[in-house]
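Each chain is listed here by its residues.
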Amino acid sequence: MKPVGERGEGWFTSLYAAHYPDIVRYGLRRLPDADAAAELAQDVFVVVWRRRGEVPERALPWLYAVARHVVANRWRSRRGGPSLLPLAEADHVPARIVEPDAVAPVLDLHRALRTLPEADQEILRLVGWEDLSVADAAVVLGCTRSAAAVRLYRARRRLRTALAAPTPARAARPASVHV
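Everything numeric in this text was worked out from a predicted model, so none of it was measured.

**Brief notes about the side chain of R7**
Within the secondary structure, R7 is located in the segment before α1 (9-28). Classification of R7 as buried rests on a relative accessible area of 1%. A distance of 2.6 Å separates the side chain of R7 from the backbone oxygen of R52, its partner in a polar contact. A distance of 2.5 Å separates a polar side-chain atom of R7 from the backbone oxygen of V55.

**Here we look at the packing of α1 against helix α2 (residues 34-50)**
Where α1 contacts α2, the axes come no closer than 9 Å and their chain directions differ by 145°. For the pair α1 and α2, the sense of crossing is right-handed. Contact residues: α1 offers E9, W11, F12, L15, Y16, H19, Y20, I23, V24, Y26, G27 and L28, while α2 offers A34, A37, A38, L40, A41, V44, F45, V48 and W49. Among the residues making up the contact of α1 with α2, the classes are represented as 18 nonpolar, two polar and one charged.

**Points about a positive patch on the surface**
Together, R154, R156, R157 and R160 line one region of the surface with positive charge. Inspection of the secondary structure puts R160 in helix α7 (residues 145-164).

**Examining the nonpolar core**
One finds I23, L40, V44, V48, L63, I123 and L124 to be the most contacted residues of the largest nonpolar core, which totals 43 residues. Within the residue set of this core, elements represented by two or more residues are α1, α2, α3 (59-78), α4 (100-114), α5 (118-129), α6 (134-141) and α7. Residue contacts for V48: discarding those within four places in its chain leaves W11, F12, L15, V55, W62 and L63.

Conventions we followed
- Residues numbered from 1 in each chain as written.
- Predicted model: local features only at pLDDT ≥ 70, side-chain atom pairs only at ≥ 80, totals over all residues.
- Heavy atoms only, no water.
- Helix = DSSP H or I, 4+ residues; strand = E, 2+ residues; numbered from the N terminus.
- Buried < 20%, exposed > 50% of the residue type's maximum accessible area, 1.4 Å probe, protein only.
- Polar contact = N/O pair within 3.5 Å; in protein donor to acceptor, adjacent residues only side chain to side chain.
- Axes fitted to C-alpha atoms, helices over the stretch in contact; angles between N-to-C directions.
- Left-handed = near helix turned anticlockwise from the far one by under 90°.
- Contact = heavy atoms within 4.5 Å.
- Nonpolar A, V, L, I, M, F, W, Y, C, P; charged D, E, K, R; others polar.
- Patch = residues over 30% accessible without salt bridge, like charges linked within 9 Å, V, L, I, M, F, W, Y side chains within 5 Å.
- Areas by Shrake-Rupley, 256 points an atom, 1.4 Å probe, with all protein chains shown as cover.
- Salt bridge = Lys/Arg side-chain N within 4 Å of Asp/Glu carboxyl O.
- Lys, Arg positive; Asp, Glu negative; His and termini not counted.
- Charge placed at Lys NZ, Arg CZ, Asp CG, Glu CD.
- Core = buried A, V, L, I, M, F, W, Y, C linked by side-chain atoms within 4.5 Å.

Pasting the structure below:
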């Protein structure tokens, strides 16, 4: 880590430009709207500026950890529960996707993911949605790489089980005919 004196406006501007979109996307996947996601990113970069001497060279996992803590702090301060984006709303499929056979597996995945505990959902999101390595996900979660690997293995196993479970929507869907 570099001393704070070497981490001035130029350093901050570069880091902001490089990772602001990543943090907004992180927020969009977890918060109810774009304004909340942008506010999350702003809060994260306020922390970055205050703690700039602590930011590691590979900053993205550290930024995700800060974002995760900001979301958790908001949830605790509201005590009524987080205003996280319910995964049910993630079932919305853009109109440009019109092929039912292409949409159904995505909806099945979202439904199965919703059945998992939040800890499983988070490790799967970090590795799948945020495209982090297991080691980077461990940084975000504040655990060892081994613990993150075990969590990911177990979460994937539970997700496979949830995907294999019959659902009314899947049972009602006709089988695809391949010629």
